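# Survey of secondary and tertiary structure
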Amino acid sequence: MTSNMDSDKEEFLREFGDDYGYPNAPKNIDEIRATEFKRLDHDGLVYLDHAGTTLYSETQMEAIFKGLTTSVFGNPHSQSDSSLATAEIIREARQQVLDFCNASARDYKCIFTSGATGALKLVGEAFPWSSQSTFMYTMENHNSVLGIREYALSKGATSFAIDIEEAAHDGGGCKSPVSSIKVLQRPTLRRNEATLLEEEPSGDAYNLFAFPSECNFSGSRFSLHLVNTVKDDTARVLEGSPYCKGRWMVLIDAAKGCATKPPDLSKYQADFVIISFYKIFGYPTGLGALIVRTEAAKLLKKSYFSGGTVAASIADIDFVKRREGIEEFFEDGTISFLSIASLHHGFKILNTLSMSAISRHTASLATYTRKILSTLRHGNGDHVCTLYGRHESEVLYDELGPIISFNLKRPDGSWFGYREVEKLASLSGIQLRTGCFCNPGACAKYLGLSHLDLLSNIKAGHVCWDDHDIVNGKPTGAVRVSFGYMSTFEDAKKLVNFIVSSFASWPTQAECVYLSRARSICFPDEGLKRSTPKYFLRAVTVYPIKSCAGFRVDSWPLSSTGLLHDREWLLKSLSGEILTQKKVPEMCLISTFIDLNLGILFVESPRCKVKLQIRLRTDFSTAGGDELDLYSQRYEVRGYDNEVSIWFSNAVGRPCTLLRCSGSKNSFCPERGKTKGMCRDVETKLNFVNGAQLLLISEESVSDLNKRLRLIQHFKQIQVNNFMSVADVQEEGLEGPPIQVNPMRFRPNLVISGGAPYAEDEWRSLKIGNQNFVSLGGCNRCQMINLNPQEGEVRRSREPLATLASYRREKGTILFGILLRYDNSDEVGQDMDSWLQVGQEVHPKTD
């Protein structure tokens, strides 16, 4: 019986079979994936961030390494035979780059740079700016392009962004690209305005217009007719603006576009074209190129000179004679000749497949995925996905590139945060990118963010790379998936399956009522008359070594740092990295126990035959104490002798040392009080804890989570029935025994029972026995709770974090349990009154 995946692929091939899979190449796409990218299948990865960087192939790297190990490459600035041979390889590489963009060696030169950003920086530094110049750029531009305006403004030039629209036409007839462009100018930027504004731009000024061949935010491909239009008819395009005067030059940022559709410079004679090689064929990184028109290069002004760029210089007088060759003039120092030598192998792959076939292949996958996402709806009929970047004008834009940028909505119209999507995608083995992708103009344009919105977001603390994905009810960025030449239908299908299973609404209204209740954070029902619940302490757990297993006790003393000896030790690698389960999951298999009467910490590991014993009062190394910075806090620490280090190195499978906290100094937290559960407690003494002295969860909250896990597992099977095969369902973990999590999965210090699920969210303080505690808010959960030790090994899954994300999310965090601070301000004596004991009643306060 044909599976759903097979039938879906058959339908896909009926529509895109002529374009998908390189049917005319030596290897089709399935053979390419099986032989050149085995690492993806081995790691179970769906890689969809080719706009960030595409992947290198095995054959490509084997050829590169073979060349490095069988050839001798000399510095091209020398004159030895090996150096001359290397110089010839570089010359051939320059020609390959020019051929790639169909550029004549007579009209264009290839300058190698440290990357696309290095090429843009070169243009910005060397362009002949003056107070009469203008720098104009489309809103859809990378930050590295926007950075050019700093050079322009510092020289007194004018700078502004533009939107390009199709002009209205009267009457019939064919519309030419020139007559169809209308420019909408954004605010004009200028510095030193008092002295400069009285000067009118003249015809002698040099101006620069910059646009991307493909927007790295939306995938929109600008029509390259813009090159000729701006150069030849700027006065009409700018509609009489004073900035239309002077000589206009054009820069194309082709860093993304070259991966599937390089510009044809024989038709569209741009002055500057920017290239990044790792975005084209994965390797090498740190190498780019500036393709520059020969005539434009002669106008560039360069101050600095270096080795390789001068024909002669004198050290003690002001004399330098620069080299005449354009490439040598601009390439400072010894260029990355080994990386340049590797370009041949990348271009060989592209030439074998052909760029037109790569463009058609990636377009088929992007078109299919957009079609599915655009039609995906919740049970109430509302769209799940909002896609960005579609344009109606065929004059101003070519077809979309292989980028899909989108955000996801809940049935009630609120947004899923892109960081939530990214975290869940990672749990499913899907690698994508979220945020604004260093393209603030496109981000604001497509998300509809005004200047006021942007400034408000920044004031709220939002900056690049953070978790503030929803501010004032609006997304601050988007989700981006992008396809490369080695992407497959199966990659696209797994993405679709993931979105359907994780973000589409449940089949019936009754199920939605339960599963979507308290969409962000689930608080106890208010206004219902019910008896006052009684809460009791059910379990106390101490974790002596950070990220290692803890031990349960019936009673345990409190100290100024919380539970006595809790997180008092940690493991540090020889490179200084703090080891945790996130990077070393096997740490959870290391068991611990402290006998207070004997004064010994016992440690066991399945990898070590001998049980380790560490005396609490001795066993330090003879070396003096040291200091350690962790979580913006400075700790005084002491280490142990070599025998202890060897034991733990064997236990975790890597060299490390054991450190014990002997004191700490509080630090400053700038975000304190802004976001619940987002800040580390810095007002009290802490051991090596992530956020606060203690973590509390309730049995009722865990029970509610387990109910949701069972329901979600059941209803997702129904929801994905029309999209996923049986094999897909099994792969996504939607079939099999019901998922259940134990309270200890969350590594709590205290487990309580009584009352409603999540009642603890509202607690501001509590009393257990005679001991007082202050609630610091929710605990932000990460993928550590998805690690499940079973039968001597650690298994990863996407639960329970995936389910928690669906209803326990607030301001970019997924909260479960509350953090506590031990309040010993009453200075109760250090006797049994300062102990916690299982069975004690818990008295919370909500005000």
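Predicted model, so just to flag it, every value in this text is computed and none were measured. (Residues numbered from 1 in each chain as written. Predicted model: local features only at pLDDT ≥ 70, side-chain atom pairs only at ≥ 80, totals over all residues. Heavy atoms only, no water.)

## Some words on the overall build of the protein chain
Helix and strand counts for the protein chain come out as 25 helices and 41 strands. A buried classification covers 54% of the 847 residues belonging to the protein chain. In the form shown here, the protein chain has an accessible surface area of approximately 37300 Å², with 50% of it arising from carbon and sulfur atoms. (Helix = DSSP H or I, 4+ residues; strand = E, 2+ residues; numbered from the N terminus. Buried < 20%, exposed > 50% of the residue type's maximum accessible area, 1.4 Å probe, protein only. Areas by Shrake-Rupley, 256 points an atom, 1.4 Å probe, with all protein chains shown as cover.)

## Re the pairing of strand β11 (residues 310-314)
The sheet contact formed by β11 and strand β12 (residues 319-322) spans 4 bridges and is antiparallel. Paired with Ser 313 across the two strands is Val 320, which belongs to β12. Linking β11 back to β12 in an antiparallel pair, the connection comprises 4 residues. (Pairing = 2+ DSSP bridges.)

## Digging into the UniProt feature "active site" (unreviewed entry) in the protein chain
As recorded in UniProt, the feature "active site" (unreviewed entry) lies at Cys 438. When neighbours within four sequence positions are excluded, Cys 438 is seen to be in contact with Asn 141, His 142, Asn 143 and Arg 433. (UniProt positions renumbered as here; feature names shortened; annotations may be inferred. Contact = heavy atoms within 4.5 Å.)

## Quick word on the UniProt feature "modified residue: N6-(pyridoxal phosphate)lysine" (unreviewed entry) in the protein chain
Per the UniProt record, the feature "modified residue: N6-(pyridoxal phosphate)lysine" (unreviewed entry) sits at Lys 279. Here Lys 279 is to be found in helix α12 (residues 278-281). Relative accessible area serves as the criterion here: at 15%, Lys 279 is assigned to the buried category. With near-sequence residues (within four places) excluded, Lys 279 lies in contact with His 50, Ala 51, Gly 52, Thr 54, Ala 255, Lys 256 and Ala 259. A distance of 3.1 Å separates a polar side-chain atom of Lys 279 from the backbone oxygen of Gly 52. (Polar contact = N/O pair within 3.5 Å; in protein donor to acceptor, adjacent residues only side chain to side chain.)

## A word on the environment of Leu 408
Among the structural elements, Leu 408 can be located in strand β15 (residues 403-408). Judged by relative accessible area, Leu 408 falls into the buried class, the value being 0%. For Leu 408 and Val 384, which are 24 residues apart along the polypeptide, the C-alpha to C-alpha distance reads 5.6 Å. Other than its neighbours up to four places away in sequence, Leu 408 contacts Val 384, Cys 385, Ser 414, Trp 415, Phe 416, Val 421, Ile 499 and Phe 503.

## What about the state of the cysteines?
Summed over all chains, the structure comprises 1 disulfide. The side chain of Cys 436 participates in a disulfide bridge whose partner is Cys 443; the two sulfur atoms lie 2.0 Å from each other. One quick way to see it: the torsion about the S-S bond of Cys 436 and Cys 443 is about -45°, and its sign makes the bridge left-handed. You can call Cys 443 buried: its relative accessible area is 2%. Cysteine Cys 656 remains unbridged, with the sulfur of Cys 548 as its closest cysteine sulfur at 9.1 Å. (Disulfide = S-S within 2.5 Å.)

## A look at the packing of aromatic side chains
One pass over the structure, following the stated rule, counts 33 aromatic pairs. Between the aromatic rings of Phe 12 and Phe 16, the centroid separation amounts to 5.1 Å while the plane-to-plane angle is 35°, which identifies the pairing as tilted. With Phe 12 and Phe 16 both in helix α1 (residues 4-16) and 4 residues apart, the pair spans about one turn of that helix. Assigned by exposure class, Phe 12 and Phe 16 land together as buried. On the basis of an interplanar angle of 65° and a centroid distance of 6.5 Å, the ring pair of Phe 127 and Phe 272 is categorised as edge-to-face. Of this pair, Phe 127 sits in the loop between α6 (116-126) and β3 (134-138) while Phe 272 sits in strand β9 (residues 272-276); the two residues are 145 residues apart in sequence, bridging distant segments of the chain. Here Phe 127 and Phe 272 have matching classes, each one buried. Members of the aromatic cluster, each reached through a chain of ring pairs, are Phe 12, Phe 16, Tyr 20, Tyr 368 and Phe 489. The ring of Phe 329 is capped by Lys 302, whose NZ or CZ atom sits 5.9 Å from the centre of that ring. Over the ring of Tyr 807 we find Arg 708; its NZ or CZ atom is 3.7 Å from the centre of that ring. (Phe/Tyr/Trp six-rings, centres within 6.5 Å; stacked < 30°, edge-to-face > 60°. Lys NZ or Arg CZ within 6 Å of the ring centre and 35° of its normal.)

## Description of a nonpolar patch on the surface
The grouping of Phe 65, Leu 68 and Leu 338 at the surface amounts to a nonpolar patch, some 270 Å² of accessible area in total. Judged by its relative accessible area of 46%, Phe 65 falls in the partly exposed class. (Patch = residues over 30% accessible without salt bridge, like charges linked within 9 Å, V, L, I, M, F, W, Y side chains within 5 Å. Salt bridge = Lys/Arg side-chain N within 4 Å of Asp/Glu carboxyl O.)

## Re the side chain of Thr 434
Turning to its location among the elements, Thr 434 is positioned in strand β17 (residues 433-435). Judged by its relative accessible area of 12%, Thr 434 is buried. If sequence neighbours within four positions are ignored, Thr 434 has contacts with Tyr 418, Arg 419, Glu 422, Ala 478 and Val 479.

## So, the nonpolar core
With 117 residues, the main nonpolar core has Phe 112, Phe 209, Ile 275, Phe 277 and Ile 499 as its most contacted residues. Aside from chain neighbours lying at most four places away, what touches Ile 499 is Leu 373, Leu 376, Val 384, Cys 385, Phe 406, Leu 408 and Ala 504. Counting residues in hydrophobic clusters, the runner-up holds 46 residues, among them Leu 601, Val 603, Leu 694 and Val 842. (Core = buried A, V, L, I, M, F, W, Y, C linked by side-chain atoms within 4.5 Å.)

## Brief notes about the sheet that holds β17
To summarise the sheet geometry, strands pair through backbone hydrogen bonds and adopt either a parallel or an antiparallel arrangement. The sheet built from 4 strands is open, its strands ordered β13-β15-β20-β17 with antiparallel pairing. The open sheet terminates on both sides in strands that have one partner only, identified here as β13 (385-388) and β17. Direction aside, neighbouring strands of the sheet carry axes that sit 30° apart on average. Pairing of β15 with strand β20 (residues 478-482) involves 4 bridges; the strand directions are antiparallel. Opposite Phe 406, over in β20, you have Val 479 as the bridge partner. (Axes fitted to C-alpha atoms, helices over the stretch in contact; angles between N-to-C directions.)

## Considering the side chain of Glu 799
Tracing the backbone through its elements, the reader meets Glu 799 in the loop between β37 (793-796) and α25 (801-807). A distance of 2.9 Å separates a polar atom in the side chain of Glu 799 from a polar atom in the side chain of Thr 803. Ignoring any residue separated from it by four or fewer positions in sequence, one finds Glu 799 in contact with Leu 709, Ile 739, Arg 745, Ile 785 and Asn 786.

## Notes on the sheet that holds strand β23 (residues 555-559)
Pairing within the open sheet is antiparallel, and its 3 strands lie in the order β24-β23-β40. What marks the edges here is a single partner per strand, and that holds for β24 (562-563) and β40 (835-837). Two strands pair when backbone bridges link them, and β23 and β24 are joined in this way by 2 bridges, in the antiparallel orientation. Among the inter-strand pairings, Ser 559 is bridged to a residue of β24, identified as Gly 562.

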